[in-house]
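Architecture and fold: a report
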Amino acid sequence: MKLVIGTRGSRLALWQSEHVARRLRELHPGLEVELLTLSTRGDRELEKALPEIGGKGLFTAELEAALERGEADLAVHSLKDLPTEPDPRFTLGAVPERASPLEALISRGGARLAELPRGATVGTSSPRRAAQLRAARPDLRIESLRGNVPTRIQKALDPTGPYDAVLLALAGLERLGLQGQVSEVLPPEVVLPAPAQGALAVQARAGDEAVLERLRPLDHPPTRRAVEAERAFLRALGSGCSLPVGALAVEENGLLRLRGRVLRPDGSQSLTHALEGGDPEQLGAALAEALLARGAARLLEGAWA
Ligand SMILES: NCc1[nH]cc(CCC(=O)O)c1CC(=O)O
């Protein structure tokens, strides 16, 4: 049997897809696994601001189309880039064990967040990162910065450029072998990651048992439950990568602990709350409800598209 993995062509996406291909070959000796590289709208419009191109599934729609046409049997995504609304055509065949979910600061001269000069400029196009940076350091200037991970680092470290630092997912940096560039790994108390950050999604056609059966041993149930809780939390708040919302769940002894944060986009106000529970969906919804009861909707006014 041969499995074709649909993948984006960025270095990070190729690393992730090759990683899944390698694991599948190890798990199933004799199985052929091939990559099919596709470009997505998000890849082609890298220079535009994200809110401008917008749209759900910016990095995933083309891969899903290839799955649907049968040109690919599975697609590997960063799970944080997958829309939180389930799509009945597809299923998450595996959520492999998560890498670090945390955020990493890369700055010129290696300064930590607290050491950045007054009024320093941090590059990020993520409203979640921008709001939390402003909450931690109201003096910082936040400037839009897009592009693939290596491009963003290059722009941020360019001494003639406008940036003093950039905030990126540690998991992506580790996958690209760029962790040596990290100035500080930010604790979740300071910057809560995006829901599902650091986790991969191995997506397949719903009901394609031949494929799903081979993906099953790649699944890491504690990771799956944690990211389900984080994504349920985001979904209950209205979804979307444009919301200044962070979440992180950890499972210990079969119990999930989910922490979530909602901010005003300018970082002037934030609400953080944590709950424990057993059922990921219920926990995510309950945490969203708890934050809404404390006034989260007021903070998100204007952030909802
Ligand atoms: N939004 C782009 C994206 N999607 C996944 C990762 C990194 C890997 C991950 O979080 O799983 C990144 C780059 C970043 O946010 O630094």
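Since we're looking at a predicted model, the values are computed, not measured.

Thresholds applied
Counting starts from 1 at the beginning of each chain's written sequence and moves along it residue by residue. Local features in this predicted model are restricted to residues whose pLDDT is 70 or higher, and side-chain atom pairs enter the listing and the counts only when it is 80 or higher, whereas totals over whole chains, interfaces and linings include all residues. A set of buried Ala, Val, Leu, Ile, Met, Phe, Trp, Tyr and Cys residues, joined through C-beta atoms within 7 Å, is what we mean by a nonpolar core. Exposure in this text rests on C-beta crowding, where 20 or more other C-beta atoms within 10 Å of a residue's own make it buried, 12 or fewer make it exposed, and counts in between make it partly exposed. The C-beta atoms are placed from the backbone. Secondary structure elements are taken from DSSP: a helix is a run of H or I of four residues or more, a strand is a run of E of two residues or more, and numbering for both begins at the N terminus. C-beta atoms are first placed from the backbone for all residues, and any pair lying within 7 Å is then listed as a contact. Note on pairing: two strands pair once DSSP finds at least 2 bridges between them. A fitted line through C-alpha atoms serves as each axis, taken over the contacting stretch for helices, and the angle formed by two N-to-C directions is quoted from 0 to 180°. Note: crossing handedness is left-handed where the near helix turns anticlockwise from the far helix by less than a right angle, and right-handed where it turns clockwise. Each residue receives one of three labels: charged for Asp, Glu, Lys and Arg, nonpolar for Ala, Val, Leu, Ile, Met, Phe, Trp, Tyr, Cys and Pro, and polar for the others, Gly being one of them. Only the C-beta atom, placed from the backbone, is used; a residue is near a molecule or strand if that atom lies within 6 Å of it. For the purposes of this description, domain bounds are those given by an automatic or database domain assignment. In this scheme, a helix's expected span is set at 1.5 Å multiplied by one less than its residue total. Throughout, the arc means that of the directions going from the helix axis to the C-beta atoms.

Attention shifts here to the nonpolar core. If you look at the biggest cluster of nonpolar residues, it comprises 77 residues, and the most contacted ones within it are I5, L74, V166, V202, F233, L237 and L258. A per-element tally of this core places helix α9 (residues 221-236) first, with six residues. When sequence neighbours within four positions are dropped, the list of residues in contact with V202 reads V20, L74, V76, L92, G93, A94, P96, L215 and L218.

On to the sheet that holds strand β3 (residues 74-78). Reading across from one edge, β2-β1-β3-β10-β4 is the order of the five strands in this open sheet, with mixed pairing throughout. Of all strands in the sheet, those with a lone pairing partner are β2 (32-38) and β4 (90-94), marking the two edges. Taking each pair of neighbouring strands and ignoring which way they run, the sheet shows an average axis angle of 35°. Note: strand β1 (residues 2-8) against β3, two bridges, orientation parallel. Considered in β3, the bridge of G6 is made with A75.

This brings us to the packing of α9 against helix α10 (residues 280-293). Where α9 meets α10, the closest approach of the two axes is 7 Å, and the angle between their N-to-C directions is 40°. Of the two possible hands of crossing, α9 and α10 adopt the one that is right-handed. For the pair formed by α9 and α10, the contact residues are R225, E228, A229, E230, R231, A232, F233 and A236 on the first element and P280, E281, L283, G284, A285, L287 and A288 on the second. By residue class, the composition of the contact of α9 with α10 is nine nonpolar, one polar and five charged.

Three or more residues of helix α4 (residues 61-69) are buried, namely E62, L63, E64 and L67. Among the structural elements, β1, β2, β3, β4 and β10 (200-205) are those in contact with the buried residues of α4. Immediately downstream of α4, the backbone of G70 shows phi near 80°, a positive value.

Turning next to the site of the ligand. Every residue near the ligand is listed here: S78, K80, D81, V149, L168, A169, A171, G172, Q197 and G198. Counting residues per element, the ones that place at least two in the shell around the ligand are β8 (165-169) and α7 (170-175). Within the shell around the ligand, the residues separate by chemical class into four nonpolar, four polar and two charged. Counting the residues that make up the shell around the ligand, at least three belong to each of domain 1 (2-95 + 200-219) and domain 2 (103-186).

Another aspect to go through is the sheet that holds strand β12 (residues 255-263). The three strands are arranged β11-β12-β13 in an open sheet whose pairing can be described as antiparallel. Looking at strand neighbours, the two that pair on one side only are β11 (245-252) and β13 (270-277), the edges of this open sheet. Each neighbouring strand pair of the sheet contributes to a mean axis angle of 10°, computed without reference to strand direction. Alignment of β11 against β12, held across eight bridges, turns out to be antiparallel. By the bridge assignment, G246 is partnered in β12 with R261.

Taken domain by domain, the chain comprises domain 1 (2-95 + 200-219), domain 2 (103-186) and domain 3 (233-300). Relative to domain 3, the C-alpha centre of domain 2 lies at a distance of 24 Å. In this assembly, seven residues from domain 2 lie in contact with eleven residues from domain 3.

The next thing to look at is α10. The end-to-end C-alpha distance of α10 is 20 Å, a good match for the 20 Å that 14 residues give at a rise of 1.5 Å each. Of the residues making up α10, those classed as buried are P280, L283, G284, L287, A288 and L291. Here the buried residues of α10 occupy an arc of 130° about the axis, which is enough to place them on one side. Residues of α10 that are buried sit in contact with α9, β12, β13 and α11 (296-300). G295 lies just past α10 and shows a positive phi near 105°.

Looking at the element boundaries, G6 is found in strand β1. For the pair formed by G6 and A75, sequence separation is 69 residues and the distance between their alpha carbons is 4.6 Å. Residues contacting G6, with those up to four places away along its chain left out, are L36, L38, L63, A66, L67, A72 and A75.

We note that A196 has phi near 75°; this positive angle belongs to a residue other than glycine. Exposure remark for A196: the 29 C-beta atoms within 10 Å place this residue in the buried category. In the Ramachandran plot, N253 falls in the positive-phi region, its phi being about 50° despite a non-glycine side chain. Here N253 shows up in the loop between β11 and β12. The class for N253 is exposed, based on 4 C-beta atoms found within 10 Å.

This part takes up the pairing of β8. Most of β8 is tucked away, with five of its five residues classed as buried. The side-chain alternation of β8 yields two buried faces, one formed by A165, L167 and A169 and the other by V166 and L168. When strand β5 (residues 103-107) meets β8, the two strands line up antiparallel, connected through five bridges. Bridge pairing in β8 links A104 to L168. Taken together, the two bridges between strand β6 (residues 121-123) and β8 define a ladder with parallel strand orientation. Bridging from a neighbouring strand, G123 pairs with V166 of β8.

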